[in-house]
Structure formats: structure tokens, C-alpha cells
Amino acid sequence: MNHPVHLALSRHRLPPFQATLTALKKSPPAAQDGDREAVRSPLQTDDAPSGLQGPRRNAAIAAVLAAMVLAVLDGAITNVALPSMARSLQVTSGMAVWIITAYQTALVMCLLPCAALGESLGYRRVFTMGVALFTAASALCALAPSLPWLVAARFLQGLGGAAIMALGIALLRMVVPPRELGAAIGWNALAVALSSAAGPTIGAVLLSGASWPWLFALNLPLGGLVLLACRALPDLAGTARPLDRFSVALNAAVFASLVVGAEVLVEQPVLAAALLTAAALSLAALIRRETPKAAPLIPLDLLRAPSFRISVMASVCCFAGMTMGLLALPFYLQHSLGQDTLMTGLYMTPWPLTVAVAAPLSGYLSNRVPTAWLCAAGGTCLALGLAAASLWPLHGSALPLVPITMLCGLGFGLFQVPNNRNMFLSAPPERAGAAGGMQGTARLAGQTAGGVVMSLLFTVASVESAPRVGLGIGAVLTLAAGLVSVLRVKPLMETSAP
């Protein structure tokens, strides 16, 4: 049986006074939601100051969205195929889980280094290299004759996926004008949500008529098309700032120790404690080394800005609570309500489908409504949905879960798009890559935390009670995400004060 943590993980110089006032009057609401960092650095690109135009713009957007689909769909399909892979490779289910762990470990280790590399060498160059590596690694996965080969190939896929996820929204920021960034992030969320929803079905259909290597072979034609479309992306010069290799090694030690330590926390607590201690010490050394730098690997410069910091904190809370809900509901449906696997999947489907509907709407609203209030509304809706799933007296019928999961999807869609928009507009354009890396890191940190808490609940409580407790804790975390977001209003009020 797959460990819950793995299931959780499988799921971017104006004069100081008068020009700032002018920018505040002209900037969209999200820039006002943040602190003055958002309006002090207007979007500047040598290629297209106000975004791309015409067919090239459409091709560039398609390249970014298709690359996101490539990475997300692969993860969803691989999770479904894990039992088939274990049988084919003649390994245990516990050993097969490393197919998931290798990808997730590489992803979380390399998000921030890929973001820094994108700033140094240019976003398009590193993004294209990521797509090429992901596609080539997919071919290696399809040809894998053994588990060690497949695990190594999946690690390479994770390296490519890190470049895609770290730089995707940063590139969209260069493709569209600032007023359309909310809509662009909504398109990205739509692509991710639909891929997440369709992944299990596509995987099941393919496995019904073909062997598991074809799941990875599916990436090859799509990856080739994305590589062609990447030529439309704006080719902006990087800063040529060299990477600090020792800092990259410390960053890898932090996240590798953290992920593996979280995975073995329940079964090997002593080893987990040692790994988590090593992660904490490596993080302290990394922060000390990077603090004096103008553009640190861990974006401490961005985290000093209240708006950016609040968005990161809210993102971690939201993803932790959402992950707990997505892990708890299948157990609740099957063990407490007696649903089979097919019906469990059907009852879970309204969640990502509603996210797909809500995300573009949220992107439209984020240009017109202060994003702090949108995030607060989204976090509240998601919290109400999770609380209702935990407390509602279902009396053996799971039908009330349909509107409940739709409310969860609506809440997440309303929260995620404006929160990401604010995060990116709170960072100057030259640090958009670092903002993307931090956004991905916050997401994975929240998912890992949610998975660990659910693992502990399943250890200390029965399989009937643990899901409902987990849903309740998830509701508290997502409500906290919404309430934390409201703190972003304070810098605006201080900025607007005479």
C-alpha cells in the first residue's frame, strides 16, 4: 500500500516619492495589496515591454501551459500505475514507492537552484533545457529494465520538472502585460487542475490496453511539440551571476533530508529525527551564507517584503490543509461510507473540476478586487468545505459530498490565483525566477507537512476516525491561510496614510 506522504506529494529606478505615487494610482489592485516593492519595479524587458503580441504571444503561452501539463499529467499517471510497475519489475510496493519519491525529491531540491540558474542564464534557456531533460528522461523511463534504472530516470525527470515549475509563471510575466498577469495565472491553474483531474482516467485507460512504459512514451510527442513552441518565448539576457555551488549543495541537503525524513518519520523515528536535525543545521548554514548577498539562493530579499512573506505563509497553510483533505476523503469514502474505488474517484472529481472553473474567474477578479480579500474568501470557502466534510451527518449516503467538494474546489481556485499573482507582483521583474522557485517550494512544503500530519493521524487513530480529524485540521489550516492573507491589507493602509 502506498504511504500517505507519497500520495500527498503526487499531487512563478523610479524617483522615490512622486513616481511611486503615480505608480500606485496606475497599478492594479494586487500591486496595491502588497508593499511598495511591487510598484517600485515596473515590468521591464528588452524584448517586449508590454508583453508579446499576435501569434508569437499565443505560441509562448501555449509552450508554458503545455509544459505544465506535461509535468502534472506525468505525476498523476505515474501514481495510478505504481502497482502495475511493481508487478512488472518484480518489486514490493514499498520499493516501488521510490519511483514517486525520486521525482519529488529532485523537484523540491532543485526548484530554487533552477530559479537562480534562470536568472543567471535567461529564463527561456533554462526553461527549454528543463523541457528537453524531462522529455529525454521520459524516454529513459519507458526503456527502464529495472527499478534502479527507473528511479534514476525519474530523478532526472524531477530535475527537468523543477525548471518548468520554477520558471513557468516568470515567463508568463514576460509574455503578458502586468494587467493580464492574473488571467495568465488563472490559465496556468486551469491547465494544472484539468491535468490533475484527467491524469488518473488517462492512466487507467492506457493501462487497460498497454503496458506501463507507454505512459512515459506518451510524453515524447508532447515534449517535442513544447520544445518547438519554446522558440516563441522571449529570449531575455540573464544576469550572468554565477551560482554558489556550496550553497546549492546545502540547499540540496536541506530538502533531501527533509523529504526523506518526513517519509520515514512513522516507521523509523530515530532515523527521521537525525535527518530532520541535519536539515535544520543545513538550513541554518545556508541562511547564514546567503544573507549578505544581494540575490540569495533562498530569496531572503523577497521574504523581507511583508506582502511576499505573507503570501508564502498563506500558501504553505493552504496546501497543507488541502493535502490533508485530499488524503482524508478517499479513506473516509471507502472505510466509513463503504464506497468502492470507482465511486470514490467519482466523488472526488468535482473538486478539481470546480478548481478548473474557478481559476479563470479568480484571475479575472484579481484584476478588479484586492487580492487579499479574494484569498480570504477562498480560504474561508475551502475551510467551510473541509469542516462540512468532517462534521456533516451523512448517514451512509455520500451524495452531500458532491456540493461539499465543489465548495472546496471553489475555495482553492479563489485562493490560489490571486495569492500567486500577489507573490509575483511583490517581486521585482529581475527576481521573478526566485519568486517562482519560492512559490513552488511553499507548495511542496505545504503538501509534505499535510502528508506527514495525516500519516501521524493514521498511526495514532483508527482508520475510521483519522480522516474526519484530518479534515477538521485541514479546515483550520485553510482558514488560517485566508486570515493570514488579510494581513496584506495593512501595508496598503500604511502606504496610503498621509
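See the structure shown above.
How each quantity is defined
Residues numbered from 1 in each chain as written. Predicted model: local features only at pLDDT ≥ 70, side-chain atom pairs only at ≥ 80, totals over all residues. Heavy atoms only, no water. Helix = DSSP H or I, 4+ residues; strand = E, 2+ residues; numbered from the N terminus. Buried < 20%, exposed > 50% of the residue type's maximum accessible area, 1.4 Å probe, protein only. Areas by Shrake-Rupley, 256 points an atom, 1.4 Å probe, with all protein chains shown as cover. Axes fitted to C-alpha atoms, helices over the stretch in contact; angles between N-to-C directions. Parallel < 35°, antiparallel > 145°, perpendicular 65-115°, else oblique. Left-handed = near helix turned anticlockwise from the far one by under 90°. Contact = heavy atoms within 4.5 Å. Nonpolar A, V, L, I, M, F, W, Y, C, P; charged D, E, K, R; others polar. Phe/Tyr/Trp six-rings, centres within 6.5 Å; stacked < 30°, edge-to-face > 60°. Polar contact = N/O pair within 3.5 Å; in protein donor to acceptor, adjacent residues only side chain to side chain. Salt bridge = Lys/Arg side-chain N within 4 Å of Asp/Glu carboxyl O. Arc of directions from axis to C-beta.

Engineer: Teacher, can you tell me more about the overall build of the protein here?
Structural biologist: For the protein, the count of helices and strands is 23 helices and zero strands. Relative to its full complement of 498 residues, the protein shows a buried share of 56%. When the accessible area of the protein is evaluated, it comes to approximately 19,900 Å², of which 69% is carbon and sulfur surface.

Engineer: Where do I start with the packing of helix α13 (residues 245–263) against helix α14 (residues 269–290) in this structure?
Structural biologist: Angle between the axes and distance between the axes: these two values describe a pair of packed helices. The interhelical angle for the contact between α13 and α14, taken along N-to-C directions, is 155°, at an axis separation of 8 Å. With respect to α14, the element α13 is oriented roughly antiparallel. Note that α13 runs across α14; the crossing there is left-handed. Here F246, S247, L250, N251, A253, V254, S257, L258, V260, G261 and A262 of α13 lie close against α14, whose contacting residues are A272, L275, L276, A278, A279, S282, L283, A285, L286, R289 and E290. Classifying every residue of the contact of α13 with α14 gives 15 nonpolar, five polar and two charged.

Engineer: Looking at this structure, I do not really get the side chain of S311. What am I missing?
Structural biologist: Its location among the elements puts S311 in helix α16 (residues 306–336). Using a relative accessible area of 0% as the deciding quantity, one classes S311 as buried. If sequence neighbours within four positions are ignored, S311 has contacts with N419, N422, M423 and R488.

Engineer: Mind showing me how you'd approach the environment of R245 here?
Structural biologist: Looking at the secondary structure, you find R245 in helix α13. The exposure class assigned to R245 is exposed, which follows from its relative accessible area of 75%.

Engineer: Explain the packing of aromatic side chains here, please?
Structural biologist: Two aromatic rings are characterised by how far apart their centres lie and by the angle between their planes. Enumeration over the complete set of coordinates arrives at three aromatic pairs. Note on W212 and F216: the rings are 6.1 Å apart at their centroids and 90° apart in plane angle, and the pair reads as edge-to-face. Residue W212 is classed as buried on the basis of its relative accessible area, which comes to 5%. Ring plane angle 50° and centroid distance 4.4 Å describe the contact between F331 and F458, whose orientation is recorded as tilted.

Engineer: Looking at this model, I keep getting lost on the environment of T291. Mind explaining?
Structural biologist: Relative to the assigned elements, T291 resides in the loop between α14 and α15 (300–303). Sequence-distant contacts of T291, that is, excluding residues within four places in its chain, are made with L300 and R304. Reaching out from T291, the side chain makes a polar contact with the backbone oxygen of I287 at a distance of 2.5 Å.

Engineer: Whenever I open this one, the side chain of E290 confuses me. Can you help?
Structural biologist: Take E290: it is sitting in helix α14. We classify E290 as buried; its relative accessible area is 2%. Side chain to side chain, E290 and K293 meet in a polar contact 2.6 Å long. A polar contact of 2.6 Å, which involves the side chain of E290, links it to the backbone nitrogen of L297.

Engineer: Just checking my understanding: could you explain the pattern of salt bridges for this structure?
Structural biologist: Using the criterion set out here, one finds nine salt bridges in the structure. A salt bridge links D74 to R154, with the shortest nitrogen-to-oxygen separation between them at 2.6 Å. Highlighted residues: D74 in helix α5 (residues 54–89) and R154 in helix α9 (residues 147–175), separated in sequence by 80 residues. Residue D74 shares its accessibility class with R154, and that shared class is buried.

Engineer: Explanation requested: the environment of M129 in the structure shown.
Structural biologist: Considering the arrangement of structural elements, one finds M129 in helix α8 (residues 123–142). Spatially, the C-alpha atom of M129 lies 7.4 Å from that of G160, the residues being 31 residues apart in sequence.

Engineer: So what exactly am I meant to see when it comes to helix α12 (residues 219–229) here?
Structural biologist: Residues spaced three or four apart along an α-helix point in a common direction, a consequence of the helix completing one turn every 3.6 residues. The complete set of buried residues in α12 reads N219, G223, V226 and A229. Across the axial projection of α12, the buried residues extend over an arc of 120°, all falling on one side. Of the residues in α12, the exposed ones pointing more than 90 degrees away from the buried face are P221, L225 and L228.

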